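Architecture and fold: a report
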Amino acid sequence: MLKRTHTCGEPRATHAGNTVTLCGWVNTYRDQGKGLVFLDLRDRDGLCQVVCDLEDAPPHVVAAARSLRREDCIAVKGLLRKRAGDPNLKLATGEVELLAAEIEVFNKAIDLPILPDDHDAPKINEEIRLKYRYLDLRRPSMQKILRERHRVLQYTRQYFSSQRFTEIETPLLIKSTPEGARDFLVPSRLHPGDWYALPQSPQLFKQILMVAGCERYFQICRCLRDEDPRADRQAEFSQIDLELSFVDRSDVMDVMSGFVQGLWKEMLGVDVPTIIRMTWIDAMNRFGSDKPDTRFGLELHDISALAGKCGFKVFDEALAKSRLGKSGCVKAIVVPASMGQLTRKMTDSYAEFVKTFKAGGVAVTKISATGTFETGIAKFVEPIAAEFKAALNAQPGDTILMVADHWEIAVKAAGELRLKVADDLKAVPAGMWNFLWVIDFPMFDFDEEGNRWVAMHHPFTSPNPDQFDLLESDPGACVSAGYDMVLNGSEIAGGSIRIHRTDVQEKVFKLIGLTQEDADRKFGFLLSALRHGAPPHGGMAFGLDRLVMHLCGTNNIRDVIAFPKTQSGGDLMIDAPGPVDDEQLKELHVRRAVAQKAPA
RNA sequence: GGGGUGGUAGCUCAAUUGGUUAGAGUACCGGCUUGUCACGCCGGUGGUUGCGGGUUCGAUUCCCGUCCGCCUCGCCA
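Residues numbered from 1 in each chain as written. Chains lettered and ligands numbered in written order. Predicted model: local features only at pLDDT ≥ 70, side-chain atom pairs only at ≥ 80, totals over all residues. Heavy atoms only, no water.

Some remarks on helix α12 (residues 385-392)
Among the residues of α12, those classed as buried are Ala 385, Phe 388 and Leu 392. For α12, the angular spread of buried residues about the axis comes to 70°, placing them on one side. In α12, the exposed positions angled more than 90 degrees off the buried face are occupied by Ala 386 and Ala 390. Contact partners of the buried residues in α12: β12 (300-302), α8 (304-307), β15 (329-335), β17 (373-374), α11 (378-381) and β18 (399-405). Trailing α12 by a residue or two, Asn 393 shows a phi angle of about 50°, which is positive. (Buried < 20%, exposed > 50% of the residue type's maximum accessible area, 1.4 Å probe, protein only. Helix = DSSP H or I, 4+ residues; strand = E, 2+ residues; numbered from the N terminus. Arc of directions from axis to C-beta. Contact = heavy atoms within 4.5 Å.)

Right, dumping it as structure tokens:
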């Protein structure tokens with residue numbers, strides 16, 4: 001077997017005159033007839049041209065070269081020389097070529113379903129790419145992503161190690177605690193009738209590691225949530241998970257800011273400035289989102305006070321609504337003329353768009369060149385024109401979009417509309433890295449159906465130090481010590497200071513409707529641990545896949561995972577999930593409720 | 001669970017109002033080609049139009065069901 005002396009991306013003019021051996025895949029072949037054949041040989045490092053010349057190569061080598069086809073796996077040995085023809089400036093190796101003296105075919109590629117070609121691959125159905133993932137991953141752009149991901153992992157381990165974190169593994173087979181996301185379950189053979197759950201996160205284990213005196217823990221771990229995927233979400237995903245003892249939220253946020261700043265410098269050479277903090281209520285009121293995209297304007301204005309004066313029935317009805325101490329409101333977005341013009345078709349479509357988020361519709365009006373209101377609800381606004389324009393700082397030519405409803409619905413719908421408008425007008429600038437901390441989340445949200453409070457983050461999140469009294473007096477107003485890191489409108493990390501006192505933890509369990517017995521059964525080990533000298537602690541988890549998505553500039557999470565799953569949770573390459581034998585089920589003490597599917 | 005969208009040659013796509021033998025590029029096969037580089041030229045193989053049913057003289061096209069991919073709402077403590 002021929003052994004490589006260089007990789008395909010390596011050869012340069014300085015190697016000319018050496019005998020070299022390259023291994024790789026035939027990227028393209030160009031048969032010039034009568035014994036002149038060019039090949040581009042590809043490995044993970046790049047491309048190098050191989051030439052077979054009748055005058056220099058024995059006939060059997062030319063014949064071998066001629067028989068090669070795309071994606072055959074071969075080795076070529078010969079003289080590396082300066083090109084006889086013109087150099088190819090598109091290739092790093094474009095000044096040289098390998099004159100084949102010997103060709104070893106490791107394996108032919110038969111009936112390729114797809115070519116691993118960056119020219120064509122973006123057009124190929126993802127279904128096919130996933131089925132033949134080994135071919136899709138051969139593409140240079142996919143190879144690059146895999147290696148970028150590796151660099152992120154390397155930097156992560158280096159950074160946290162340098163900050164005196166210890167990497168500690170936590171179990172994959174744990175028990176189900178059906179708060180939050182749906183668990184993946186695994187039947188226990190040794191405990192008939194009992195089930196393990198796969199972890200949604202190592203949350204409780206890392207807290208217990210703090211009780212255990214580890215002080216600084218991190219782990220790059222797989223987490224599993226049996227919920228429907230999205231473009232940026234998979235049921236099986238990776239987190240950079242960490243926890244620290246003897247810290248307040250600023251300590252955690254500082255360490256984490258340092259991490260992303262170092263990572264962006266390492267990966268992209270970008271200096272990320274000090275990451276600003278925004279309270280949750282500000283984020284919601286100004287951007288209609290708990291993960292604001294601050295790369296562009298179009299901020300939300302609250303015009304509730306004015307809206308009540310214009311006699312528009314929809315506004316009056318919205319303002320009369322109230323929930324959790326917040327009255328209904330009217331949120332406005334001013335689309336400046338300088339940002340581009342919204343067509344009638346666009347504004348019409350916005351009514352349907354906001355209905356997705358339970359809002360009734362969008363009220364529209366526009367300021368004409370002469371400063372009068374026109375179209376839409378102009379006649380309602382005209383009587384308060386001066387006040388209205390002043391409140392919004394609106395100029396002639398601007399379009400104003402308004403959403404009225406319950407506060408939650410109005411801000412959410414207006415926030416989504418803001419993103420939609422920015423997208424429609426192509427107003428999101430490229431090349432910006434807007435990091436942001438969102439802090440001061442509410443501890444709880446009220447679930448009308450269940451008639452109980454639910455933890456907004458998770459039930460182990462501590463209230464802010466000055467908020468403990470509110471736990472009892474006014475849970476809805478209680479603000480937590482949680483924090484999310486947001487990048488360009490995408491949540492890339494979340495965490496909190498945890499509750500480290502048993503009495504507080506029990507209070508929170510009670511508030512979210514857990515009885516003492518429930519709490520003991522599900523989380524007794526945590527309550528017990530807290531009782532035995534738990535230090536104050538807090539932590540965070542980064543979505544690794546999302547970090548890599550940002551760093552690689554893709555908005556498809558499947559592009560940054562070597563073997564991802566589809567929207568229905570399937571792996572198209574190995575054809576999972578699949579049926580199992582009755583025998584296996586019997587061993588696991590599981591009986592079928594659904595008939596076995598016929599084999600495909 | 002809901003909404004949207006797509007499925008035609010190995011791959012990417014086309015096919016008029018429901019109408020002849022379902023076409024093109026690429027890949028593959030054969031021939032030609034000694035400086036190409038996404039080589040070029042000539043010829044060829046290749047189709048259960050996702051699957052099942054229905055309407056019709058006739059269905060890629062219309063209807064019903066179903067499977068699969070993608071986007072999305074719910075969901076994601």
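Regarding the sheet that holds β18
Sheets are built from strands paired through backbone hydrogen bonds, the pairs being either parallel or antiparallel. If you trace the 5 strands from one edge of the open sheet to the other, you get β12-β15-β18-β16-β17, paired in antiparallel fashion. Whereas interior strands pair on both sides, the edge strands pair on one side only; in this sheet they are β12 and β17. Bridge count for β12 against β15 is 3 bridges, and the pairing is antiparallel. Looking at β15, one finds that Leu 300 is bridged to Ile 333. Its contacts with the sheet place helix α9 (residues 313-320) against β15, β16 (363-367) and β18, and it is angled at close to 45° to β18. (Pairing = 2+ DSSP bridges. Axes fitted to C-alpha atoms, helices over the stretch in contact; angles between N-to-C directions.)

Some points on the pattern of salt bridges
Tallied over the full model, the rule gives 41 salt bridges. Notably, a salt bridge pairs Asp 136 with Arg 139, separated by 2.7 Å at the nearest N-O pair. Looking at Asp 136, the relative accessible area reads 1%, which means it is buried. The class of Arg 139 is buried, set by a relative accessible area of 5%. A salt bridge links Asp 405 to Lys 321; its shortest N-O distance comes to 3.1 Å. Of this pair, Asp 405 sits in strand β18 while Lys 321 sits in the loop between α9 and β13 (322-323), and the two are 84 residues apart along the sequence. Relative accessible area serves as the criterion here: at 31%, Lys 321 is assigned to the partly exposed category. In this structure, a network of salt bridges that share partners links the residues Asp 118, Arg 129, Arg 133, Asp 136, Arg 139 and Asp 559. (Salt bridge = Lys/Arg side-chain N within 4 Å of Asp/Glu carboxyl O.)

As for the protein's contact with RNA strand B
Neighbouring residues of RNA strand B: 58 residues in total, closest Asp 31, Lys 34, Glu 97, Gly 180 and His 457. Backbone atoms, meaning sugar and phosphate, form 57% of the atoms of RNA strand B found within 4 Å of the protein. The side chain of Gln 49 places a nitrogen or oxygen atom 2.8 Å from a base oxygen of RNA strand B. Between RNA strand B and the protein, one listed contact pairs a base oxygen with a side-chain N or O atom of Asn 88 at 2.9 Å. Elements with a minimum of two residues in the surface near RNA strand B: β1 (19-31), β2 (36-43), β3 (46-53) and α2 (126-131). (Near = heavy atom within 4 Å. Polar contact = N/O pair within 3.5 Å; in protein donor to acceptor, adjacent residues only side chain to side chain.)

Remarks on the side chain of Lys 206
Within the secondary structure layout, Lys 206 lies in helix α5 (residues 203-211). A polar contact is formed between the side chain of Lys 206 and the backbone oxygen of Leu 242, at a distance of 3.1 Å. What Lys 206 contacts, discounting residues up to four positions off in sequence, is Tyr 217, Asp 241, Leu 242, Glu 243, Arg 498 and Met 540.

Regarding the packing of aromatic side chains
Within this structure, the stated rule accounts for 22 aromatic pairs. Taking the centre distance of 6.1 Å and the plane angle of 25° together, the rings of Tyr 155 and Tyr 159 count as stacked. Taken as a pair, Tyr 155 and Tyr 159 lie in helix α4 (residues 140-162) at a separation of 4 residues, close to a single helical turn. Assigned by exposure class, Tyr 155 and Tyr 159 land together as buried. An angle of 75° between the planes, with centres 5.0 Å apart, marks the rings of Phe 446 and Trp 453 as edge-to-face. Of the residues examined, Trp 453 reaches a relative accessible area of 18% and is grouped as buried. Three or more aromatic residues joined by ring pairs form one cluster here, namely Tyr 155, Tyr 159, Phe 160, Phe 165, Phe 218, Phe 259 and Phe 542. Sitting above the plane of the Trp 407 ring, Lys 326 keeps its charged end 4.5 Å from the centroid. (Phe/Tyr/Trp six-rings, centres within 6.5 Å; stacked < 30°, edge-to-face > 60°. Lys NZ or Arg CZ within 6 Å of the ring centre and 35° of its normal.)

Observations regarding the environment of Leu 80
With respect to the element layout, Leu 80 can be found in strand β4 (residues 73-82). Leu 80 sits 404 residues away from Asp 484 along the chain, and the two C-alpha atoms are 55 Å apart. Setting aside anything within four residues of it in sequence, one finds Leu 80 in contact with Pro 11, Arg 12, His 15, Ala 16, Gly 17, Asn 18, Val 20, Val 96, Glu 97 and Leu 98.

Comments concerning the sheet that holds strand β5 (residues 96-107)
Around the barrel, which closes on itself, the 5 strands sit in the order β1-β2-β3-β5-β4 with mixed pairing between neighbours. With direction set aside, neighbouring strand axes in the sheet form an average angle of 55°. Alignment of β1 against β4, held across 7 bridges, turns out to be antiparallel. Residue pairing for β4: Thr 19 is matched across the bridge by Leu 79. Across the face of the sheet, helix α1 (residues 59-67) comes into contact with β1, β2, β3 and β5 while running at roughly 75° to β5.

Points about the state of the cysteines
In total, this model carries 0 disulfides according to the counting rule given. As a non-bridged cysteine, Cys 48 has Cys 8 as the owner of its nearest cysteine sulfur, 6.5 Å distant. The exposure class of Cys 48 is buried, given its relative accessible area of 0%. (Disulfide = S-S within 2.5 Å.)

As for the pairing of β5
Here 2 bridges tie β3 to β5, and the two strands are oriented parallel to one another. What sits directly across from Val 50, in β5, is Leu 98.

A look at the packing of helix α7 (residues 280-287) against helix α13 (residues 407-424)
Relative orientation of the contacting elements α7 and α13 amounts to 60°, with a least axis distance of 8 Å. In this structure, α7 uses Trp 280, Ile 281, Met 284, Asn 285 and Phe 287 to contact α13, whose residues at the interface are Trp 407, Val 411, Gly 415 and Arg 418. In terms of residue class, the contact of α7 with α13 is built from 6 nonpolar, 2 polar and 1 charged. (Nonpolar A, V, L, I, M, F, W, Y, C, P; charged D, E, K, R; others polar.)

Focus: the nonpolar core
Within the largest apolar cluster, 45 residues are counted, with the highest numbers of intra-cluster contacts made by Phe 160, Met 256, Phe 259 and Met 485. Take this core: its biggest share by element is 9 residues, from helix α6 (residues 249-268). Excluding residues that lie within four positions of it along the chain, Phe 160 makes contacts with Phe 165, Phe 218, Ile 240, Leu 242, Val 255, Met 256 and Phe 259. Core analysis: the next-biggest nonpolar cluster, separate from the first, contains 24 residues, Phe 373, Ile 377, Val 381 and Phe 388 among them. (Core = buried A, V, L, I, M, F, W, Y, C linked by side-chain atoms within 4.5 Å.)

Examining α5
Those residues of α5 not exposed but buried are Gln 203, Leu 204, Lys 206, Gln 207, Leu 209 and Met 210. On its buried side, α5 packs onto β9 (216-224), β10 (236-245), α16 (516-531) and β24 (537-543). Note on α5: the residue one or two positions beyond its end, Gly 213, has a positive phi of about 85°.

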